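# Overview (structure and organization)
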Amino acid sequence: MSTGRSRGLASAILGLILMLAALWLADRALVRSVEQPGPHAEPVRVQVPEGTSVRGVLRLLAERGVIADGRPVDWWLRLHADDLRMQAGTFEIPARASARAALEQIAAGRVVLESLTIVEGWTFRQMRRAVESHPGIRPTLRGRPDSQIMAALGQPDLHPEGRFYADTYRFAFGTADLEIYRLAHRELSAALEAAWSQRRPDLPLNSASELLVLASIVEKETALAAERPRIAGVFVSRLRRGMRLQSDPTVIYGLGDSYDGNIRSRDLAADTPYNTYTRGGLPPTPIALVGRDALIATAMPDVTGELFFVATGEGDGAHVFSRTYAEHRAAVQRMLERQRERGVL
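Now for a quick tour of the structure. This structure is a prediction, so every number in the text was calculated from the model and none was measured.

## Brief notes about the side chain of His-40
On the secondary structure map, His-40 appears in the loop between helix H1 (3-35) and strand S1 (44-48). The class of His-40 is buried, set by a relative accessible area of 5%. Polar contacts involving the side chain of His-40 include one to the main-chain carbonyl oxygen of Pro-94, which spans 2.8 Å. Within the structure, His-40 has its side chain in polar contact with the backbone nitrogen of Ala-97 (distance 3.4 Å). For His-40, the contacting residues outside a window of four places in its chain are Gly-65, Val-66, Ile-93, Pro-94, Ala-95, Arg-96 and Ala-97.

Given below as structure tokens:
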């Protein structure tokens, strides 16, 4: 090989090496540009519509201030990530997140999770108000009667009260209200089935539905989880003896909108399907939404022979339990005296 040809080959190889080095350096510069912290000092929420392309997302991120200059990111996408598929939804991009991190978050579908707490003891009406007022839930059933909600859940003949589980739910922004109802109804059905399957064999209850009705009364009678098995035991003992339950919360539920916050003697005597002072057995439906504690307490009550309970009067939510009516009357008098001392009466 001649000296001239050798020199030409060496020059060509050197030129190729320099070109590859330049390309590598350019690529490293692109990678650095997409991995450097973003210009946004606070978290940024970005709404990505269904069917948005990767470059459409890039424009959204630039408009929201997550990306300062979209051109190097676009080149990086062409070279390394042109196959990214964007997911729809609402995304919260962390402060100073890089362009690469933001794009990968959206591609992975890591959407903003909203939360809604359904409180134990709420009525279905209260649950509906919470669902309808939540800014992250898409309304599709607002103003519709309860019966249409139950029909949409495949339960057209089922009364909605008590048929939704009291718990905290996490969901994507924009989830339809029907999906929230469906989830809470499914969770209640599963929890009720589990409680019924582990119930005491001698309970005076004929079905899981009756267990749910009694659990809703237990739920409303006390906010203290430790008391629920004992209160359930009182009601179980009363049912076994054919005694009326005489539960104030059932009376209040039966009064509906006419209840003004005070229960009076005339209310206890006003007959409704839910008045357990005037009617024996269980009310026709639950009176509230229940949580796990009330279901388990009712399935496995603490039956001690106690037939009465009344608040202590101390304002602590606790109760005094009695086996006889004479003991109960004395406990009521003590409760009234304590309330007078506290200025409640």
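Having seen the structure, we can now continue with the description.
## Considering the nonpolar core
Counting 51 residues, the largest nonpolar core has Leu-116, Met-127, Phe-164, Tyr-181, Phe-235 and Leu-295 as its most contacted members. Residue assignment for this core shows that the elements contributing at least two residues are helix H5 (124-133), helix H6 (146-152), strand S5 (168-172), helix H7 (177-197), helix H8 (208-221), helix H9 (228-241) and helix H12 (292-299). In terms of residue count, H7 provides more of this core than any other element does, nine residues in total. When residues no more than four places from it in sequence are discounted, the contact partners of Tyr-181 are Phe-124, Met-127, Arg-128, Val-131, Leu-141, Ile-149, Leu-153 and Phe-164. In this structure, Val-44, Ile-67, Phe-91 and Leu-103 belong to the second largest nonpolar core, which totals 23 residues.

## With respect to the packing of H5 against H7
Between two packed helices, both the angle of their axes relative to each other and the distance between the axes serve to describe the pair. With their axes 11 Å apart at the nearest point, H5 and H7 run at an angle of 140° to one another. In this view, H5 runs oblique relative to H7, as classed from their interaxial angle. Crossing hand, H5 versus H7: right-handed. Side by side, H5 and H7 meet where Phe-124, Met-127, Arg-128 and Val-131 of the first sit next to Asp-177, Ile-180, Tyr-181 and Ala-184 of the second. Grouping the constituent residues of the contact of H5 with H7 by class yields six nonpolar, no polar and two charged.

## Quick look at the pairing of strand S3 (residues 113-117)
Side chains Glu-114 and Leu-116 of S3 all project onto a buried face; the interleaved residues Leu-113, Ser-115 and Thr-117 project onto a face where none is buried. Taken together, the five bridges between S3 and S5 define a ladder with antiparallel strand orientation. Within S5, the residue paired with Glu-114 across the bridge is Phe-171.

## A look at the packing of aromatic side chains
Scanning all chains against the criterion turns up seven aromatic pairs. Ring centres of Phe-164 and Tyr-181 lie 6.0 Å apart, and the angle between their planes is 70°; this geometry places the pair in the edge-to-face category. With a gap of 17 residues between them, Phe-164 in the loop between H6 and S5 and Tyr-181 in helix H7 connect regions that are remote in the sequence. Judged by relative accessible area, which is 0%, Phe-164 ranks as buried. When its relative accessible area of 1% is taken as the criterion, Tyr-181 is described as buried. Between Phe-308 and Tyr-325, the ring centres sit 5.8 Å apart and the planes meet at 50°, which makes this aromatic pair tilted. Placement of the pair is Phe-308 in strand S7 (residues 308-311) and Tyr-325 in helix H13 (residues 325-341), with a sequence separation of 17 residues. With relative accessibility at 12%, the residue Phe-308 sits in the buried group.

The rules behind each value
- Residues numbered from 1 in each chain as written.
- Predicted model: local features only at pLDDT ≥ 70, side-chain atom pairs only at ≥ 80, totals over all residues.
- Heavy atoms only, no water.
- Helix = DSSP H or I, 4+ residues; strand = E, 2+ residues; numbered from the N terminus.
- Buried < 20%, exposed > 50% of the residue type's maximum accessible area, 1.4 Å probe, protein only.
- Polar contact = N/O pair within 3.5 Å; in protein donor to acceptor, adjacent residues only side chain to side chain.
- Contact = heavy atoms within 4.5 Å.
- Core = buried A, V, L, I, M, F, W, Y, C linked by side-chain atoms within 4.5 Å.
- Axes fitted to C-alpha atoms, helices over the stretch in contact; angles between N-to-C directions.
- Parallel < 35°, antiparallel > 145°, perpendicular 65-115°, else oblique.
- Left-handed = near helix turned anticlockwise from the far one by under 90°.
- Nonpolar A, V, L, I, M, F, W, Y, C, P; charged D, E, K, R; others polar.
- Pairing = 2+ DSSP bridges.
- Phe/Tyr/Trp six-rings, centres within 6.5 Å; stacked < 30°, edge-to-face > 60°.

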